[in-house]
Every structure is written in structure tokens, then in C-alpha cells.
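Here is what each chain is made of, one letter per residue.
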Amino acid sequence: MSASFTASGQQLHRQLGRILAAPVLHTEIDPIELVRAAHEIRDGAEALMAAVVRQARQAGRTWQEIGDALGVSRQAAFQRYGKPIDPRNGKVMNTSPLPEAVELARAVIDDHANARWADISSRFDDTMRAGLTEEGLAEAWAYLTGLAGAYESHGDTDAVRAGDFTITNTPLAFEADDFVARITFRDDQTIAGLFILDVDAAGGTGGSAAR
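Definitions and limits used
Residues numbered from 1 in each chain as written. Predicted model: local features only at pLDDT ≥ 70, side-chain atom pairs only at ≥ 80, totals over all residues. Heavy atoms only, no water. Helix = DSSP H or I, 4+ residues; strand = E, 2+ residues; numbered from the N terminus. Buried < 20%, exposed > 50% of the residue type's maximum accessible area, 1.4 Å probe, protein only. Contact = heavy atoms within 4.5 Å. Expected span 1.5 Å × (residues − 1).

Quick look at the overall build of the protein
Part 1: For the protein, the count of helices and strands is 9 helices and 5 strands.
Part 2: Walking the protein from its N terminus toward its C terminus, one meets helices and strands in the order α-α-α-α-α-α-α-α-β-β-β-β-β-α.
Part 3: Looking at the protein as a whole, 32% of its 211 residues qualify as buried.
Part 4: Sequence separation of 24 or more characterises 44% of the internal contacts of the protein that already satisfy a separation of 6 or more.

Structural notes on helix α2 (residues 31–58)
Part 1: Given a rise of 1.5 Å per residue, 28 residues ought to cover 40 Å, and the 40 Å separating the end C-alpha atoms of α2 matches this to within 8%.
Part 2: Within α2 the residues assigned to the buried category are A37, I41, G44, A50, A51 and V53.

Focus on the side chain of D111
Part 1: Turning to its location among the elements, D111 is positioned in helix α5 (residues 101–113).
Part 2: The buried category is assigned to D111, whose relative accessible area is 5%.
Part 3: Those residues within four positions of D111 in sequence are excluded, and the remaining contacts are R116, D119, I120 and R123.

Let's talk about the environment of T184
Part 1: Checked against the element boundaries, T184 lands in strand β4 (residues 178–185).
Part 2: When the C-alpha positions of T184 and N169 are compared, they lie 8.9 Å apart, and in sequence the two are 15 residues distant.
Part 3: Among all residues touching T184, those that are not within four sequence positions of it are F165, T166, I167, T190, I191, A192 and G193.

Function cannot be read off these values alone, since they describe shape.
Shown next, in the form of C-alpha cells:
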């Protein structure tokens, strides 16, 4: 059993025991302190999960087996807990998404909903700027509106890192259909990819897109 697994488990046990013992010992705890403690437990549980996944990998278990145990695909398990090695330099790659990615993606969606095409294009990297104009953005959004009616709302944004990029996926609800906005950001917060996918295409790694 690895030291990190043992340490993570012991810390989580102490944190959980403090909350569970309070009503038994009639200890008055500020509700906000309970929120903080629960937050620490959640972080501790994630640290424990990462430790047991590392232990499983060291024991020779596959990402498919780990994904099955977690109820996700092997790719999703690897993206969350794997430590990919950069083939360009042999170093462990950064697997943390751009911290501002969720807010950036929602800002781009809001710009679409309010026809602020110039604001969107101002975020493009050089390649995107050369390939997609403000007129093209407006045309693609008009196409979706003609296909599925007015835009209504968005769901929660997921963000994952893939190499040097952070990829966000945000569900979009229109009057008569649902889509997914897939926006790719560089670490300098510029947009390197922008697609509005149908739900089936968004479930895979690619697919046709209104762009």
C-alpha cells in the first residue's frame, strides 16, 4: 500500500470523524465551518481517488478497468488521473485545464446570443482569425436559428486539457433542438477552435460542425 494512499485515507478519516462526532458530543459547530469541513472532505476524497488510481496503475490494471470501475470511459479516466509524458521533451505534461476556461466559454456563448461577433473574433488566435470572419460567425448562428429556433439557455460547461489546449463543452438549448458548443482555448486565453456540434457528434472526438 503506497504512502500517499495511506496518508490520504488517514486525513479523510480525521476530517469525516470531526463532522460525524459533533452531534454525538453535542459540540456546537458554526454551519460555515461545516461547509468548510465538507469542502475539505471532498478535496480529500479526490486526493484519495487519485492515490488509489495510481496504485491500480502500478499494479498493472488498465485504464479500461479503471474507467469501468468509475463508470466512465477509459479516455475520461486517463484525462482525469493520468500523467501523460510529452513526446517532445519527455516531461510530464500539464493536465490541468485553463483555470478561466469555463468563464471564457460562457462569455463566448453570451456573445453569440447577443450578436457580438466582433467581441468573439477579437479572442481568436491567428489561425482562427484567418479562417473565420465575423460574417461567418453570424451566418453559422443564423443557420442554427433557422434549423432549431431561438437560443434559450446553456448548461454546465466541462473543461479538459489536451496537450497545449483546453477544450470546453457546453450544452446549448434551442427551441426545437439541443447542441453543444465546443470551444478550444490556448493558455493565453485565445480561441483556437470553435464548433457548434449536434449532441451525437459532441459525444465523440469530432464530427461535423456549424462553424
